[in-house]
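So the chains spell out like this:
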Amino acid sequence: MPHVKNRLCKAILTEHFGPIVQKVGMALLERGRQSLSMLVRRGDLPARQVRESLFVLLQHSIVTHAETAEGPRMVVYYQADPTAILLRDRFPLYLKAVRERCGPQEERLMSRVLQHGRVNYKFIADQKREPGVMPEEVAESFQNLLDAHILTLCAVDDSVSVEDRMMSEEAAEMARRGGLPLTATEMTKLRRTLALKREMYEEEVQVGSKRKVVNDVDELEEANKRQATGEPDSMSPDKYYRPNYAKLHVLIRNAAIANLAEQRVNSAAGEIVRKLLVTAEPKMRQCKGEIRSEAVSQLMLSSLIDSKVRMPVDGRGNSGSLIEYLETLTEDEMKLVTKESEAGGGQYAVALETAGLEIKARLMESIVQEKFGDTARRIWRIMHLMTKLNETQVREQPGNLCVLPFLKEHCLTMFASFFFPKIAKFALVPLKVARHCLYILMNSGLAFIQDVPKTMDHSAARTFFLWYVSIPKSTTHFTQNGYKASANLKQRRFAEMARLPKLLEKLARSDITDEHLTESELHNKAQLEKTVTRLLISECRIAEMLIALEEF
């Protein structure tokens, strides 16, 4: 794991669980799979604290375990998942998505689920409720989270890592075939078959809770009692649920796409795209790998859109129609909405992959403008729209070129065919300014060079060098910078709070109010709250950027 992610994981574990759990978690992240005895022997914590820390990490799905036979005994090995730790930094965004999708009551329930990791309905019902909230409303909100697949049922395999699960499945399949060693081709086919079975199993789990065969008389009586009282099977105390992060990413992605349509056209277009996504949302499992949403007919879409939504066209007030807006979205050069067929007045779908690339491009464009100014933004946008220019579009004689230190080893003739004049002409800036901006963008991972040799020897004098923009390459670069910035923000926040330990200790007491504080303490409190608030807002913005870069 990179040092930047390791540092961020350490800060998240310390903030959420404290120093003791952080030591156990970091020991698993830095040294890999370990047993309980190895953790106690290599660490400086008692066995009881290590065991309790593992319980906490297992409860929050941060650590997985697997039993391995070592001679006559079974040894349990534990392994930490860094992705589960990094996702905890996005909890505010998850709560915001749940509030916008389901409501404030569902947001409060989701907050408790995120706080405790895995819960059943009995635990939720026993929690202290808000004033005026009835138990029936809590049950309804909990069922809404299940119906939206925001909460998913905990399975037995959830506490086992993917690697251990794959190894156990391969060992069982080889034992079933006689225990003989398999060839590389047979092993490839076996792994492909097991991966297909695993994918089908995950699809079944996503559908919801399924009934199980009951053999115990007590369990059968309890099931009959719940059925007689009308209590759903999902409310059973034996069923535990955990957050479905993939579905939460889908909700955030859909909201971003609807906002993109609203910025591109108007609020009515954003509402149309939002309804298209909400209708196809039950079949969306995750963001990655989805090219387009399920097609929705124009007749169904017209019944879903509220009649109060205004659809202005060319300043004609509410005279627009749904068909005109759908035609506008399909004919737009962004191709955010596609028409799949003519059935039902037309089947329309949202191009999820295209929308994701556009969101990333706009994010990078805003970063370029904030860091390097409007001129660099225009140049970056020109390269993004034109992709790569061929060598016949521009000719430039080698002249007074400004070479950066990291390019000193290249000769000046290497740049004989750069298209600086073309970019400078399109951006309406001098050639020197365009050249300087291009070098800065390349040094920041926002622009790249492609060499096109005319001969087999790849001579620099007979090679064309083209500037271009690559969203995937820039995404990798900005993802690492985002994790580094998030770790720096947390470190700064911890340092600001550590400067005033006595004040924080006094504020933590329930018998202390502002009247008991001196003037200097009130001033320090106001400054600390202002600084911490700004840092927290910056962390949320960085987390939102990382979701767009990694998940969309």
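The structure this text deals with has already been given above.
Residues numbered from 1 in each chain as written. Predicted model: local features only at pLDDT ≥ 70, side-chain atom pairs only at ≥ 80, totals over all residues. Heavy atoms only, no water.

(A) The pairing of strand β8 (residues 347-350), seen in detail. Burial along β8 is two-sided: the face carrying Q347 and A349 and the face carrying Y348 and V350 are both buried. The pairing of strand β6 (residues 296-297) with β8 spans two bridges and is antiparallel. Counterpart to S297 in the pairing with β8 is Q347. The pairing of strand β7 (residues 337-341) with β8 spans four bridges and is classified as antiparallel. Looking across to β8, one finds that T338 is bridged to A349. (Buried < 20%, exposed > 50% of the residue type's maximum accessible area, 1.4 Å probe, protein only. Helix = DSSP H or I, 4+ residues; strand = E, 2+ residues; numbered from the N terminus. Pairing = 2+ DSSP bridges.)

(B) Structural view of the pattern of salt bridges. A full pass over the atoms with the stated rule returns 24 salt bridges. Here E290 makes a salt bridge to R253, at a shortest N to O gap of 3.1 Å. Of this pair, E290 sits in the loop between α14 (267-280) and β6 while R253 sits in helix α13 (residues 245-264), and the two are 37 residues apart along the sequence. In this structure, E290 and R253 share a single accessibility class: buried. When the shortest N-O distance is used, the salt bridge between E365 and R377 registers 2.9 Å. In this pair, E365 sits in helix α17 (residues 352-372) while R377 sits in helix α18 (residues 374-386), placing the two residues 12 residues apart along the sequence. What emerges from the salt-bridge pattern is a single network uniting E15, D89, K490, R493 and E539. (Salt bridge = Lys/Arg side-chain N within 4 Å of Asp/Glu carboxyl O.)

(C) Unusual backbone geometry, seen in detail. The phi angle at S61 is positive, at roughly 60°, despite the residue not being glycine. Among the secondary structure elements, S61 is positioned in the loop between α4 (47-59) and β2 (63-70). With a relative accessible area of 26%, S61 lands in the partly exposed category. The residue H149 is not glycine, and still its phi comes out positive at about 60°. Inspection of the secondary structure assignment puts H149 in the loop between α9 (135-147) and β4 (151-153). Exposure remark for H149: the relative accessible area of 15% places this residue in the buried category.

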